Amino acid sequence: MPAGSYFVEARARGRPANRSGPHVVSADAVHDAGILRLTAPGWLEIRLRRDAGVPVGRPEICCQNNAGGRFEWLDVDANGVARSSPLASGAYRLWIYGLDVVTQSQRLEIKAGERTTLEVAFASGVQLRLRFVDSPRSRDLRQLRFRAIEPSGAVVDEVVLDREPPKPFEWRCGLRLGAWVIEARTLDGALRASTRVTVRGSEDAGRIVPLAPN
């Protein structure tokens, strides 16, 4: 293979994939990637319910392995239940998105040989499109951290977005009715843009809110 940096991944039926690396391979040399062990799997099951107890539609669910940065998207069946494939044990962050539900995220722990079951209740909400407006000094930015903050100061949703300039950053965020503060920060915490948004009803769905840079 060409010289460069690589991951090595092992897979087996019924087991979570295990990845090692990155390994730096140099020209005309043999690199020892070490021993790659397949661990006992864990599983995740999520039951989605609206605040009124009615099953939700089919929002998008993403499970991110904090250690390896791996993502897995979970399919939701007609009864509002999502089941994962075998997962490596460890810490994860769960993201749930939907056109008619408030975006949610939470941390969880997957244990080897165990099934983790979560019941997630939703409040109805409206999904807005939040677009970061570039200035000459921000056009080379490739990553930003976006936050949706309640008037109390609680961070309800937070996500890091990548982009390829000159495309704009755009975040689709589900928000409950009411007042919100939206922030865009660099990964080192520097505030680049903020705005106040009031969601009044379904007429706001899909509305583009520009985030002008500071």
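Summary of the structure given here.

1. So, the overall build of the protein
Okay, so step 1: Summing up its helical and strand segments, the protein has zero helices and 16 strands in all.
Okay, so step 2: The principal-axis extents of the C-alpha atoms in the protein amount to approximately 60 × 50 × 25 Å.
Okay, so step 3: Residue pairs at least 24 apart in sequence account for 55% of intrachain contacts in the protein once pairs closer than 6 positions are excluded.
Okay, so step 4: A total of about 12,300 Å² of accessible surface is found on the protein, and carbon and sulfur atoms cover 49% of it.

2. Some details on the environment of T117
Okay, so step 1: Residue position: T117 is located in strand 9 (residues 115-122).
Okay, so step 2: With relative accessibility at 45%, the residue T117 sits in the partly exposed group.
Okay, so step 3: On a C-alpha basis, the gap between T117 and R47 in space is 7.7 Å, while along the polypeptide they are 70 residues apart.

3. Here's the deal with the sheet that holds strand 7 (residues 90-97)
Okay, so step 1: If you walk across this open sheet you meet the four strands as 5-4-7-8, and the pairing is antiparallel. The strands lining the two open edges of the sheet, one partner per strand, are strand 5 (71-74) and strand 8 (104-110). Averaged over all pairs of adjacent strands, the angle between their axes in this sheet comes to 25°, without regard to strand direction.
Okay, so step 2: In terms of strand pairing, strand 4 (residues 60-65) meets strand 7 through six bridges, oriented antiparallel. Looking at strand 7, one finds that C63 is bridged to L94.

4. What about the pairing of strand 4?
Taken residue by residue, a regular strand's side chains alternate between the two faces of the sheet.
Okay, so step 1: Summarising the sheet, strand 4 and strand 5 pair through four bridges and their orientation is antiparallel. Within the sheet, the bridge partner assigned to I61 lies in strand 5 and is L74.

5. Brief notes about the environment of A212
Okay, so step 1: One can find A212 in the segment after strand 16 (208-211).
Okay, so step 2: Each C-alpha atom, one on A212 and one on Q127, is 20 Å from the other, the two residues being 85 residues apart in sequence.
Okay, so step 3: Here A212 is in contact with V133, R192, A193 and S194, once residues within four sequence places are set aside.

6. Looking at unusual backbone geometry
Okay, so step 1: Residues other than glycine seldom take positive phi values, yet D28 does so here, at roughly 55°.
Okay, so step 2: Of the residues examined, D28 reaches a relative accessible area of 86% and is grouped as exposed.

7. Describing the state of the cysteines
Okay, so step 1: Counted by the stated rule, this structure contains zero disulfides.
Okay, so step 2: Lacking any disulfide linkage, C62 is separated from the closest cysteine sulfur, that of C63, by 7.2 Å.

8. A closer look at the environment of V197
Okay, so step 1: On the secondary structure map, V197 appears in strand 15 (residues 191-199).
Okay, so step 2: On the basis of relative accessible area, V197 is assigned to the buried category, the value being 3%.
Okay, so step 3: For the pair V197 and R11, spaced 186 residues apart in the sequence, the C-alpha separation amounts to 46 Å.

9. Describing the sheet that holds strand 12 (residues 155-162)
Okay, so step 1: Read from one edge of the open sheet, four strands run 12-11-14-15, paired in antiparallel fashion. Since the sheet does not close on itself, it has two edges, and those belong to strand 12 and strand 15, each with one partner. Along the sheet, successive strands turn relative to each other by an average axial angle of 15°, direction set aside.
Okay, so step 2: Note that strand 11 (residues 143-149) and strand 14 (residues 178-185) share five bridges and pair antiparallel. Within the sheet, the bridge partner assigned to R147 lies in strand 14 and is E183.

10. Points about the pattern of salt bridges
Okay, so step 1: The full count for this structure, using the stated rule, is 12 salt bridges.
Okay, so step 2: Residue R176 is joined to E150 by a salt bridge in which the shortest nitrogen-to-oxygen separation is 2.3 Å. You can see R176 sitting in the loop between strand 13 (170-175) and strand 14 and its partner E150 sitting in the loop between strand 11 and strand 12, a full 26 residues away along the chain.
Okay, so step 3: According to the relative accessible area criterion, R176 is partly exposed, its value standing at 28%.
Okay, so step 4: Bridged by salt links that share partners, the residues E45, R47, D77 and R83 form one connected network.

Cut-off values and rules
Residues numbered from 1 in each chain as written. Predicted model: local features only at pLDDT ≥ 70, side-chain atom pairs only at ≥ 80, totals over all residues. Heavy atoms only, no water. Helix = DSSP H or I, 4+ residues; strand = E, 2+ residues; numbered from the N terminus. Contact = heavy atoms within 4.5 Å. Areas by Shrake-Rupley, 256 points an atom, 1.4 Å probe, with all protein chains shown as cover. Buried < 20%, exposed > 50% of the residue type's maximum accessible area, 1.4 Å probe, protein only. Pairing = 2+ DSSP bridges. Axes fitted to C-alpha atoms, helices over the stretch in contact; angles between N-to-C directions. Disulfide = S-S within 2.5 Å. Salt bridge = Lys/Arg side-chain N within 4 Å of Asp/Glu carboxyl O.

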